[in-house]
Amino acid sequence: MRGHSRPTERERPPMTELRSLNPATGEHFGEVFPEPTAEQIEAALAAANAAFDVYRETDLETRAAFLEGVAAEIEAIGDALIERAMAETGLPRPRLEGERGRTTGQLRLFAKTVRQGDFLGARIDPAQPERKPLPRADLRQRFIGLGPVAVFGASNFPLAFSTAGGDTAAALAAGCPVVFKGHPAHPGTAALVGAAISKAVEKAGLPAGVFSLLTGQTHELGGALVRDSRIKAVGFTGSRAGGVALMKIANERPEPIPVYAEMSSVNPVILFPHALAARAQALGAAFVGSLTMGSGQFCTNPGLIFALAGPDFDAFVASAAAALSAAHPQVMLTPGIFGAYEQGVEKLGSRPGVTVAARGLVGEGCNQGQGALFVVEAETFAADPALSHEVFGSSSVIVRCPDIATLAGLLEGLEGQLTATLHLDAEDAEQARGLLPILERKAGRILANGWPTGVEVAPAMVHGGPFPATSDGRSTSVGTRAVERFLRPVCYQDLPDVLLPAALKEANPLGVKRAIDGVL
Ligand SMILES: NC(=O)C1=CN([C@@H]2O[C@H](COP(=O)(O)OP(=O)(O)OC[C@H]3O[C@@H](n4cnc5c(N)ncnc54)[C@H](O)[C@@H]3O)[C@@H](O)[C@H]2O)C=CC1
Ligand SMILES: O=C(O)CCC(=O)C(=O)O
């Protein structure tokens, strides 16, 4: 613990008594959130299971209108939601207002996806009774929901990656009931949003088990959800340890299930020579803006910078160091996250060959994350795997590389990432082209001349990547493709029309796009 930070938590209640904690003051407030009992967990799982067959066959308009209803109910909570989230997370009002817009926008985008119906993936290969030497049967395929999904909300996005966040919205769009494990860092925010979802469920005339909220602080609660045979998939955003623990539980079940866990990423940024020569100073300042945003509590935070040695490299470091030295500390989400950040920074600073380029301003209050910027030589970085591990917060390591081949080698050594960023000018394109195959293998999103924080919610977005960025790099947690992670194809062979689901009936009553003999 560094000398500047006051004790992070006062009068910590016993483990069985969860109350909201204001990380800015260290004080608990509001009602008690009792740990869910075994009966409550069972009731939620049974209700989700009972709701599945009804919910997954809702017509597209009902399901889309329900998702829009959730968005409207969240908006109807009004300022009480923002106030509660501010008090529980220390995040500022504009950030939370923006996040609410992103959450409701995400729900409405999924409503559009549902209405359009492409996600059903309808395909028809008509029978060919005359085919020689063997006739072909009538084959029809569509996607159905996997089943009830356990979703674990993130601490760092109390709205957009939490109760009604991306995983919940995608699962509901896919036709899967959600049993939501509320994060203990924002129980009041979760309760407000959970009630809004349940109100929308009721207004839509859907079974209550379409959504349940279970907020608690024990690992037993999360473990019980993932272990239960009625849960068919898991969505998670949080620590690598937490995600890996849930993957293990899911794999050890008699019926293993997919876990879509978003865990750790350091998001490498590569500064190419011409871009660096043209704007080293501006890049240094912009980098620190992205690094310190939200106290660095983004899984897309730029935690690693690679560039070639020389005066432009030095100018970049000097500019970033000056910007960080003037950066005010910000309250971190929880005492635990603050403590992990402090430890991570201390560990980085104590590794051999690591130089501290700058620290941010020192905070006066509780749980204030002080920015940290380190510089290392490429060979030091190559020899020490600890230097490429995520430190969740405003901490970043700048790596000085002697040449582009060494830089490429360091990229090859990285684990899977959510993002990789290139800063380049036209003259850098050839060098960048050489690195693209490596970056495509490593990351879910490759971006140029921007910064990785701030994920657009859009159809072409990929917020995912190879392990440990996520547990399954084949999908995304943001954007409309997220619906696909909760779907499974079913083929109907020679079923009479009367038994076929609406999407596959001859008359196409839903009017959805269908591939006939492979042609849309
Ligand atoms: N890369 C990223 O996106 C994020 C990384 N983090 C990292 O995680 C650390 C802790 O932050 P948290 O948000 O509390 O993440 P966490 O992984 O500790 O908890 C997330 C959720 O999973 C549950 N959980 C965790 N481990 C579990 C287990 N073994 N069995 C059953 N349930 C389990 C928790 O109760 C909570 O609801 C941070 O200091 C940071 O290092 C946190 C948030 C986002
Ligand atoms: O950068 C963003 O907008 C999203 C980041 C994120 O997914 C996370 O921090 O968990």
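Residues numbered from 1 in each chain as written. Chains lettered and ligands numbered in written order. Predicted model: local features only at pLDDT ≥ 70, side-chain atom pairs only at ≥ 80, totals over all residues. Heavy atoms only, no water.

Participant: Looking at this structure, how should I read the site of ligand 1?
Facilitator: Around ligand 1, a shell composed of 21 residues is seen, among which S155, K181, S239, M263 and C299 lie nearest. Between ligand 1 and H219, the relevant distance is 3.4 Å, taken from a nitrogen atom to a side-chain nitrogen or oxygen of the residue. Interatomic distance of 3.2 Å between a side-chain N/O atom of E390 and a nitrogen atom of ligand 1. Alone, ligand 1 offers 810 Å² of accessible surface; in the complex the protein occludes 85% of this. Every element with two or more residues in the shell around ligand 1 is listed here: helix 7 (219–227), strand 8 (233–237), helix 8 (240–252) and helix 11 (335–349). It is helix 8 that provides the largest number of residues to the shell around ligand 1, a total of three residues. For the shell around ligand 1, the residue count by class is 10 nonpolar, nine polar and two charged. When residues of the shell around ligand 1 are assigned to domains, at least three map to each of domain 1 (39–263 + 473–487) and domain 2 (268–448). (Near = heavy atom within 4 Å. Polar contact = N/O pair within 3.5 Å; in protein donor to acceptor, adjacent residues only side chain to side chain. Areas by Shrake-Rupley, 256 points an atom, 1.4 Å probe, with all protein chains shown as cover. Helix = DSSP H or I, 4+ residues; strand = E, 2+ residues; numbered from the N terminus. Nonpolar A, V, L, I, M, F, W, Y, C, P; charged D, E, K, R; others polar. Domains from an automatic or database assignment.)

Participant: Before we go on, may I ask you to explain the packing of aromatic side chains in this structure?
Facilitator: Here the distance between the centres and the angle between the planes together describe a pair of aromatic rings. Using the criterion set out here, one finds eight aromatic pairs in the structure. Between the aromatic rings of F157 and F298, the centroid separation amounts to 5.5 Å while the plane-to-plane angle is 80 degrees, which identifies the pairing as edge-to-face. Of this pair, F157 sits in the loop between strand 5 (149–152) and helix 5 (166–174) while F298 sits in the loop between helix 9 (273–292) and strand 11 (304–308), and the two are 141 residues apart along the sequence. Taking the relative accessible area as the measure of exposure, F157 reaches 6% and is therefore buried. The class of F298 is buried, set by a relative accessible area of 7%. (Phe/Tyr/Trp six-rings, centres within 6.5 Å; stacked < 30°, edge-to-face > 60°. Buried < 20%, exposed > 50% of the residue type's maximum accessible area, 1.4 Å probe, protein only.)

Participant: Just checking my understanding: could you explain unusual backbone geometry for this structure?
Facilitator: Between K132 and the following residue, P133, the backbone shows a cis peptide bond with an omega angle of 0 degrees. Looking at the secondary structure, you find P133 in the loop between strand 3 (123–125) and strand 4 (139–145). The backbone of S295 shows a phi angle near 60 degrees, a positive value even though the residue is not glycine. Along the chain, S295 falls in the loop between helix 9 and strand 11. Looking at S295, the relative accessible area reads 2%, which means it is buried. The backbone of N449 shows a phi angle near 55 degrees, a positive value even though the residue is not glycine. Following the sequence through the fold, N449 ends up in the loop between strand 18 (443–448) and strand 19 (487–493). Classification of N449 as partly exposed rests on a relative accessible area of 42%.

Participant: Any chance you could explain the UniProt feature "domain: Aldehyde dehydrogenase" (unreviewed entry) in the protein here in plain terms?
Facilitator: Feature annotation in UniProt assigns "domain: Aldehyde dehydrogenase" (unreviewed entry) to the following positions: residues 17–457. End C-alpha to end C-alpha, residues 17–457 measures 36 Å, and it is 45% helix and 21% strand. (UniProt positions renumbered as here; feature names shortened; annotations may be inferred.)

Participant: When you look at the pattern of salt bridges in this model, what are you seeing that I'm missing?
Facilitator: Proximity of charged atoms lets side chains of opposite charge pair with each other. All chains considered together, the criterion is met by 32 salt bridges. For R108, the salt bridge goes to E75, with nearest N and O atoms at 2.9 Å. Pair noted here: R108 is in helix 4 (residues 93–116) and E75 is in helix 2 (residues 60–77), with a separation of 33 residues, a long-range link. The exposure class assigned to R108 is partly exposed, which follows from its relative accessible area of 33%. Residue E88 pairs with R84 through a salt bridge whose shortest N-O separation is 3.2 Å. Taken together, the positions of E88 and R84, both in helix 3 (residues 79–89) and four residues apart, correspond to about one turn of that helix. Note on E88: relative accessible area 1%, which makes it buried. Overall, the relative accessible area of 15% leaves R84 in the buried class. (Salt bridge = Lys/Arg side-chain N within 4 Å of Asp/Glu carboxyl O.)

Participant: Explanation requested: the nonpolar core in the structure shown.
Facilitator: Across soluble globular proteins, nonpolar side chains show a tendency to be buried alongside one another. By size, the foremost hydrophobic cluster in this structure holds 52 residues, and its most contacted members are F66 and F486. At the level of elements, helix 1 (38–55), helix 2, helix 4, strand 5, helix 5, strand 6 (178–182), helix 6 (187–203) and strand 19 are the ones that each hand at least two residues to this core. Considering each element in turn, this core owes the most residues, seven residues, to helix 2. With residues up to four places along the chain from it excluded, the contact list for F486 reads I144, G145, L146, V149, D167, A170, A171, A174, C176, A233 and Y260. Among the nonpolar cores identified, the runner-up in size contains 41 residues, and L96, M332, I337 and A443 belong to it. (Core = buried A, V, L, I, M, F, W, Y, C linked by side-chain atoms within 4.5 Å. Contact = heavy atoms within 4.5 Å.)

Participant: Can you walk me through empty space enclosed by the protein in this structure?
Facilitator: Where empty space is left can be seen by rolling a probe of water-molecule size over the atoms. Tallying each qualifying case throughout the model produces five cavities of 30 Å³ or more. If you add up the space inside the largest cavity, you get close to 110 Å³. Looking at the largest cavity, it is lined by 18 residues, and the ones nearest its centre are V266, G303, E390, V391 and S395. Ranked by residues supplied to the lining of the largest cavity, first place goes to strand 16 (residues 395–401) with three residues. By residue class, the composition of the lining of the largest cavity is eight nonpolar, nine polar and one charged. Space inside the second largest cavity adds up to approximately 70 Å³. Lining the second largest cavity we find T292, S295, A327, H328, P329, Q330, G360, L361, G369, Q370, G371 and S394. Here the lining of the second largest cavity is composed, by residue class, of three nonpolar, nine polar and no charged. (1 Å grid on protein atoms, 1.4 Å probe; cavity = no way out; pocket = protein on both sides within 12 Å on 5 of 7 lines; lining within 4 Å. Points joined across faces, edges and corners; volume = space filled by probe spheres on them.)

Participant: Any chance you could explain the site of ligand 2 here in plain terms?
Facilitator: Around ligand 2, a shell composed of 13 residues is seen, among which R102, N156, C299, T300 and H463 lie nearest. The contact in question runs from an oxygen atom of ligand 2 to an N or O atom on the backbone of G454, over 2.9 Å. Coverage of ligand 2 by the protein amounts to 99% of the 300 Å² it exposes when considered alone. Partitioned by chemical class, the residues of the shell around ligand 2 number five nonpolar, six polar and two charged. Two domains each provide a minimum of three residues to the shell around ligand 2, namely domain 1 (39–263 + 473–487) and domain 2 (268–448).

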